[in-house]
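Here's the letter readout for the chains.
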Amino acid sequence: MSRSILPCSCGYLFEESGPIFRDGDDDEYDGPLFNCPEKGLANHITYPPFRRLSDEYQPSGLYYRGWDSGILQPAIHWCFVGEIIADVLPPVMSSVTTLRTRFGEEMIVAWYTDNGVLPANMKKGNTLCILYAERKQFLDGRNGIRQESIGHAYVFPCTYEQLRAETHHLWRNAHEKAKHCFQCNKATGSRCGKCKLAYYCSTECQSAAWGLHKKLCGDEAKILGLALMPEMPFGDQLSWVTLVTEAKEFAKTLAESSDVSAN
Ligand SMILES: [Zn+2]
Ligand SMILES: [Zn+2]
Ligand SMILES: [Zn+2]
């Protein structure tokens, strides 16, 4: 945690961690502390650095409302994302995973799940995403995430950079009427018959992408969820299962509005 932190691609450089309070009118909060113009996984509010996560003793005003009433309610979606940089060693009762975020932070997730069950694909080079993760200080003084809910954690079998690229393609195709090939960006109507979300203009492009896509095809709807989460309306906190349902619904409303604007 001593290394310096990288800025978001929007240019925002994070100050020291500390509580952020938020009260009153939403229009008052236009600055980079409360907003990021970046799409999908690059959005630093939905996908914050570790130091900007809500702390168990200092809940973040980015993510909770109700300071005046004293009853804090979650107000937006967020998800912590980090690439696994060391393999998890058994025994699993209280395993620890070491992660690096896109901001260059290295930190740990300590698992306290029922029966010691961990998410699948937990290995070096894969990317762990934890919905609504919170910071915690451990007894030894280290900061990390203490994760009890397995339903909020998911490991994608690819690197952070591969996940970022896939969310970029899904975001673009969800927002534009013309669909584009995930491999060469050419406009196309052909898509993967299995997930129906990844577009490839030709068998050449599909086979060039297959090495990665065969690992992500079954997860494509979850990745769509990551791509759209910064824009999705907040009703309640989601699990990975309900995120997929909500993301597909939201993509449908985007498609309908792009049909209207095209006419
Ligand atoms: Zn940003
Ligand atoms: Zn192509
Ligand atoms: Zn597919």
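Throughout what follows, the structure given in this document is the object of discussion. Please read these numbers as outputs of a predicted model, since none were measured by experiment.

**Details of the packing of aromatic side chains**
Turning to step 1, where the next piece is worked out: Applying the stated criterion to the full structure yields ten aromatic pairs.
Turning to step 2, where the next piece is worked out: For the pair Phe 14 and Phe 103, a centre-to-centre distance of 5.2 Å together with 80° between the ring planes defines the contact as edge-to-face. Placement of the pair is Phe 14 in the segment before strand 1 (54-55) and Phe 103 in the loop between strand 5 (96-100) and strand 6 (106-111), with a sequence separation of 89 residues.
Turning to step 3, where the next piece is worked out: For Phe 103, a relative accessible area of 1% gives the class buried.
Turning to step 4, where the next piece is worked out: When the ring of Trp 78 is compared with that of Tyr 132, the centres are 5.3 Å apart and the planes differ by 85°; the resulting orientation is edge-to-face. With a gap of 54 residues between them, Trp 78 in the loop between strand 3 (73-74) and strand 4 (79-86) and Tyr 132 in the loop between strand 7 (127-131) and strand 8 (134-137) connect regions that are remote in the sequence. Per residue, the accessibility class of Trp 78 equals that of Tyr 132, and both read buried.
Turning to step 5, where the next piece is worked out: Following the ring pairs from residue to residue traces out a cluster consisting of Tyr 63, Tyr 64, Trp 78 and Tyr 132.
Turning to step 6, where the next piece is worked out: Taking the ring centre of Phe 50 as reference, the NZ or CZ of Arg 135 above it sits at 5.1 Å.
Turning to step 7, where the next piece is worked out: Its end group placed over the ring of Tyr 112, Arg 146 keeps NZ or CZ at 3.8 Å from the ring centre.

**A look at the coordination of the zinc ion (ligand 2)**
Turning to step 1, where the next piece is worked out: Of the protein atoms, only Cys 181 (SG), Cys 184 (SG), Cys 201 (SG) and Cys 205 (SG) coordinate the zinc ion (ligand 2), at distances of 2.3 to 2.4 Å.
Turning to step 2, where the next piece is worked out: Every donor counted, the four donor atoms about the zinc ion (ligand 2) form angles of 103 to 119° at the centre, which fits tetrahedral coordination.
Turning to step 3, where the next piece is worked out: Within one chain, the residues serving as donors to the zinc ion (ligand 2) are arranged as C-x2-C-x16-C-x3-C. Here Cys 181, found in the loop between helix 1 (160-175) and helix 2 (203-216), pairs with Cys 205, found in helix 2; they are 24 residues apart in sequence, far enough to count as distant.

**Some words on the sheet that holds strand 6**
Turning to step 1, where the next piece is worked out: Sheet architecture is open: eight strands sit in the order 1-8-9-6-5-4-7-10, paired in mixed fashion. The strands lining the two open edges of the sheet, one partner per strand, are strand 1 and strand 10 (153-156).
Turning to step 2, where the next piece is worked out: Judged from the three bridges that link them, strand 4 and strand 5 form a sheet pairing that is antiparallel. Directly across from Ile 84, in strand 5, lies its bridge partner Leu 99.
Turning to step 3, where the next piece is worked out: Sheet strands touched by helix 3 (residues 220-228): strand 4, strand 7 and strand 10. Its angle to strand 10, the strand with the most contacts, is close to 110°.

**Notes on helix 2**
Along an α-helix, residues three or four apart share an orientation, since each turn contains 3.6 residues.
Turning to step 1, where the next piece is worked out: Roughly 70° is the biggest bend found in helix 2, and it falls at Trp 210.
Turning to step 2, where the next piece is worked out: Among the residues of helix 2, those classed as buried are Cys 205, Ala 209, His 213 and Leu 216.
Turning to step 3, where the next piece is worked out: Next to the buried residues of helix 2 lie helix 1 and helix 3.

**Some details on unusual backbone geometry**
Turning to step 1, where the next piece is worked out: One non-glycine residue with positive phi stands out, namely Asn 115, at about 60°.
Turning to step 2, where the next piece is worked out: The phi torsion at Asn 121 lies on the positive side, around 65°, for a residue other than glycine.
Turning to step 3, where the next piece is worked out: Structurally, Asn 121 can be placed in the loop between strand 6 and strand 7.
Turning to step 4, where the next piece is worked out: Taking the relative accessible area as the measure of exposure, Asn 121 reaches 39% and is therefore partly exposed.

**Points about the nonpolar core**
Turning to step 1, where the next piece is worked out: In terms of nonpolar packing, the biggest core is built from 69 residues, with Cys 79, Leu 128, Ile 145, Leu 226 and Leu 228 touching the most fellow members.
Turning to step 2, where the next piece is worked out: Here this core gets six residues from one element, more than from any other, and that element is helix 4 (residues 240-262).
Turning to step 3, where the next piece is worked out: Setting aside chain neighbours within four positions, we find Leu 228 in contact with Trp 171, Ala 174, His 175, Ala 247, Phe 250, Ala 251 and Leu 254.

**Side note on the pairing of strand 9 (residues 143-147)**
Turning to step 1, where the next piece is worked out: Inspection of the sheet shows strand 6 paired to strand 9 by four bridges, in the parallel sense. Bridge pairing in strand 9 links Trp 111 to Gln 147.
Turning to step 2, where the next piece is worked out: Bridge analysis of strand 8 against strand 9 gives two bridges, and the strand direction is antiparallel. When the bridges of strand 9 are listed, Gln 137 appears paired with Asn 143.
Turning to step 3, where the next piece is worked out: Between strand 8 and strand 9, which follow one another and run antiparallel, lie five residues, and Gly 141 among them has a positive phi close to 95°.

**Let's talk about the coordination of the zinc ion (ligand 3)**
Turning to step 1, where the next piece is worked out: At this site the zinc ion (ligand 3) is bound by Cys 192 (SG), Cys 195 (SG), His 213 (NE2) and Cys 217 (SG), with donor distances of 2.1 to 2.4 Å.
Turning to step 2, where the next piece is worked out: Geometry at the zinc ion (ligand 3) is tetrahedral, judged from its four donor atoms and the angles of 106 to 115° they form at the metal.
Turning to step 3, where the next piece is worked out: In terms of primary sequence, the donors binding the zinc ion (ligand 3) are separated according to C-x2-C-x17-H-x3-C. Taken together, the residues span a long stretch of sequence, with Cys 192 in the loop between helix 1 and helix 2 and His 213 in helix 2 at a distance of 21 residues.

Cut-off values and rules
- Residues numbered from 1 in each chain as written.
- Chains lettered and ligands numbered in written order.
- Predicted model: local features only at pLDDT ≥ 70, side-chain atom pairs only at ≥ 80, totals over all residues.
- Heavy atoms only, no water.
- Phe/Tyr/Trp six-rings, centres within 6.5 Å; stacked < 30°, edge-to-face > 60°.
- Helix = DSSP H or I, 4+ residues; strand = E, 2+ residues; numbered from the N terminus.
- Buried < 20%, exposed > 50% of the residue type's maximum accessible area, 1.4 Å probe, protein only.
- Lys NZ or Arg CZ within 6 Å of the ring centre and 35° of its normal.
- Donors = N, O, S within 2.8 Å, 3.2 Å for Na, K, Ca; no water.
- Tetrahedral: all angles 85-135°; square planar, octahedral: opposite > 155°, others 65-115°.
- Pairing = 2+ DSSP bridges.
- Contact = heavy atoms within 4.5 Å.
- Axes fitted to C-alpha atoms, helices over the stretch in contact; angles between N-to-C directions.
- Bend = angle between axes of the 7 residues up to and from the residue.
- Core = buried A, V, L, I, M, F, W, Y, C linked by side-chain atoms within 4.5 Å.

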